[in-house]
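Residue strings, one per chain:
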Amino acid sequence: MLNRIYDWIDDRMDITPIWRDVADHEVPEHVNPAYHFSAFVYCFGGLTFFIVVIQIISGMFLTMYYVPDIVNAWESVYYLQNEVAAGVIVRGMHHWGASLVVVMIFLHTLRVFFTGAYKAPRELNWVVGVLLFLVILGLAFTGYLLPWDMKALFATRVGLDIAASVPFIGDWIQTLLAGDEEIIGAQTLARFFAIHVFFLPAALFVLMAVHFIMIRRQGIAGPL
Amino acid sequence: MSQKVTRRQFLNYSLMGVGSFMVAGMVLPMGRFAVDPLFQSDAEGSMIQTSISADDITEEPTQVDFSFIQQDGWYESEVTDFAWVYRDGDEIIALSPVCKHLGCTVSWATDDANPERFYCPCHNGLYEKNGNNVPGTPPTGPLDQYEVGVSDGYLTIGQIFPNELV
């Protein structure tokens, strides 16, 4: 039955080449843990992507209850974690996944560095990877404020102070991030929410697409 | 010398011009919208009345609380803050308690080893009485100062500004 549905669609739109191109390609022996167990280090990039997908989906569900407003933010987080069925699991996925993404992307970076996979012709993919790392750090930073508890507030104060220490333009960066020159408040929370949920994910999707297109174009780097 | 504009060039320029206008028409409002906090004029705050009589201020730094209405975008709230206030000759000095290292709250003479200094419990930051940070401790600058005044015998607190005593 499913086969016939697939064939019906394929007859009309020729979708086979599309998914073949995405999914059906050779995995070289030196990156396949089934041949050499130590090749699991080559999985870190894929695992980073896997956790990012979890973050995106769990984050989408969290916004069903979360409100980015200083009066209600903490209450909404408390409610979704303690009153909503499976809330502790969904928030837990997003909370622990956030740290895990940073760990995995760092391990992936180390693997690329120590196997020399960044060398010609893959320099641009390294550059895009570094940008992805920065975007992930930005997501971790902006997401940290959203529960609007004391830890979030003071971590953000420290982060904004660090941003303000940039030479010449530091104060502007701080004001642009916080939405106010001094206060970390209503405008800061709204801004961080917008950056966390719309701006940085948009950048993330574009950079990930470029990252993946390049790795398919250039292929996986050869064995050491 | 007359430079002939071909039909293709003309169309290219026209399309690029119109396209630029359309892009600018979308990007400029959104950009200005996003950077608006940079252009918000500083609200010129008035002096805030405290409940401390100017005569009661001694040379020992004392915590003086003050409250004011804070406007945070659309959110208005009453905020309570405090300053370390002491008398230095004829002058009244009010120092901000916000540590210049990472923003913790400093207090006067709470470290037994430094009875005549401000102390930050977070990372053992130390400041002299005039707010100057003690070298070798984490803070990178002196404590900020508050503008002070006296109204009807009572201390008033104004804007915060970088320390001018050191």
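How each quantity is defined
Residues numbered from 1 in each chain as written. Chains lettered and ligands numbered in written order. Predicted model: local features only at pLDDT ≥ 70, side-chain atom pairs only at ≥ 80, totals over all residues. Heavy atoms only, no water. Helix = DSSP H or I, 4+ residues; strand = E, 2+ residues; numbered from the N terminus. Buried < 20%, exposed > 50% of the residue type's maximum accessible area, 1.4 Å probe, protein only. Contact = heavy atoms within 4.5 Å. 1 Å grid on protein atoms, 1.4 Å probe; cavity = no way out; pocket = protein on both sides within 12 Å on 5 of 7 lines; lining within 4 Å. Points joined across faces, edges and corners; volume = space filled by probe spheres on them. Nonpolar A, V, L, I, M, F, W, Y, C, P; charged D, E, K, R; others polar. Core = buried A, V, L, I, M, F, W, Y, C linked by side-chain atoms within 4.5 Å. Salt bridge = Lys/Arg side-chain N within 4 Å of Asp/Glu carboxyl O. Domains from an automatic or database assignment. Pairing = 2+ DSSP bridges. Axes fitted to C-alpha atoms, helices over the stretch in contact; angles between N-to-C directions. Buried area = accessible area lost by both parts, 1.4 Å probe. Polar contact = N/O pair within 3.5 Å; in protein donor to acceptor, adjacent residues only side chain to side chain.

(A) A look at the overall build of chain A. Looking only at helices and strands, chain A features nine helices and zero strands. Reading the helices (α) and strands (β) of chain A from amino to carboxyl end gives α-α-α-α-α-α-α-α-α. The dimensions of chain A, computed from C-alpha atoms along their principal axes, are 55 × 50 × 35 Å. With 224 residues in all, chain A has 36% of them scored as buried. Nonlocal contacts in chain A, meaning residues at least 24 apart in sequence, comprise 64% of its contacts between residues at least 6 apart.

(B) Focus on the layout of surface pockets. Residues and elements named next belong to chain A. In this structure, the second largest pocket occupies an estimated 1300 Å³ of space. G46, H108, H211, F212 and I215 are the residues nearest the centre of the second largest pocket, which is lined by 40 residues in total. Elements with a contribution of two residues or more to the lining of the second largest pocket: α2 (16–23), α3 (44–62), α5 (87–114), α6 (123–145) and α9 (186–218). Class assignment of the residues belonging to the lining of the second largest pocket gives a composition of 25 nonpolar, 10 polar and five charged.

(C) Seen up close, the nonpolar core. Residue and element names in this part refer to chain A. Core analysis: the largest hydrophobic core is formed by 19 residues, its most contacted members being Y66, L145, L146, W148 and L189. Among the secondary structure elements, those contributing two or more residues to this core are α4 (73–82), α7 (150–164) and α9. Ranked by the residues each element gives to this core, the list is headed by α9, at four residues. What L145 contacts, discounting residues up to four positions off in sequence, is A152, L153, T156, T188, L189 and F192. With 17 residues, the next largest nonpolar core counts V128, L132, L200 and M214 among its residues.

(D) Geometry of the pattern of salt bridges. Residues and elements named next belong to chain B. Taken as a whole and judged by the stated rule, the model has four salt bridges over all chains. For D144, the salt bridge identified is with K100, shortest N-O distance 2.9 Å. Separated by 44 residues along the polypeptide, D144 in the loop between β7 (125–127) and β8 (145–151) and K100 in the loop between β4 (91–95) and β5 (107–108) bring together distant segments of the chain.

(E) Molecular detail of the domain arrangement of chain B. For chain B, the domain assignment lists domain 1 (1–40) and domain 2 (48–161). Just the C-alpha atoms count here: the centres of domain 1 of chain B and domain 2 of chain B sit 52 Å apart.

(F) Examining the sheet that holds strand β1 (residues 48–53) of chain B more closely. Residue and element names in this part refer to chain B. Spatial strand order, β1-β9-β8-β4-β3-β2: six strands in an open sheet with antiparallel pairing. Strands at the two margins of the open sheet, each flanked by one partner only, are β1 and β2 (62–72). For this sheet the average axis-to-axis angle between neighbouring strands, irrespective of direction, equals 40 degrees. Pairing analysis gives two bridges linking β4 to β8, with the strands arranged antiparallel. The residue of β8 that forms the bridge with A94 is Y146.

(G) Seen up close, the interface of chain A and chain B. Taken together, the contact between chain A and chain B spans 16 residues of the former and 14 residues of the latter. Between chain A and chain B, a total of about 1300 Å² is buried, with carbon and sulfur atoms accounting for 63% of that surface. Taken as a group, L176(A), I183(A) and Q187(A) account for 32% of the area that chain A buries against chain B, more than any other trio of residues on that side. Seen at the junction of chain A and chain B, the total is zero salt bridges. Inspection of the region where chain A meets chain B yields three residue pairs in polar contact (both at pLDDT 80 or more). Of all the secondary structure elements, the ones that give two or more residues to the side of chain A that touches chain B are α7, α8 (170–178) and α9 of chain A. Ranked by residues supplied to the side of chain A that touches chain B, first place goes to α9(A) with four residues. Grouping the constituent residues of the side of chain A that touches chain B by class yields eight nonpolar, four polar and four charged.

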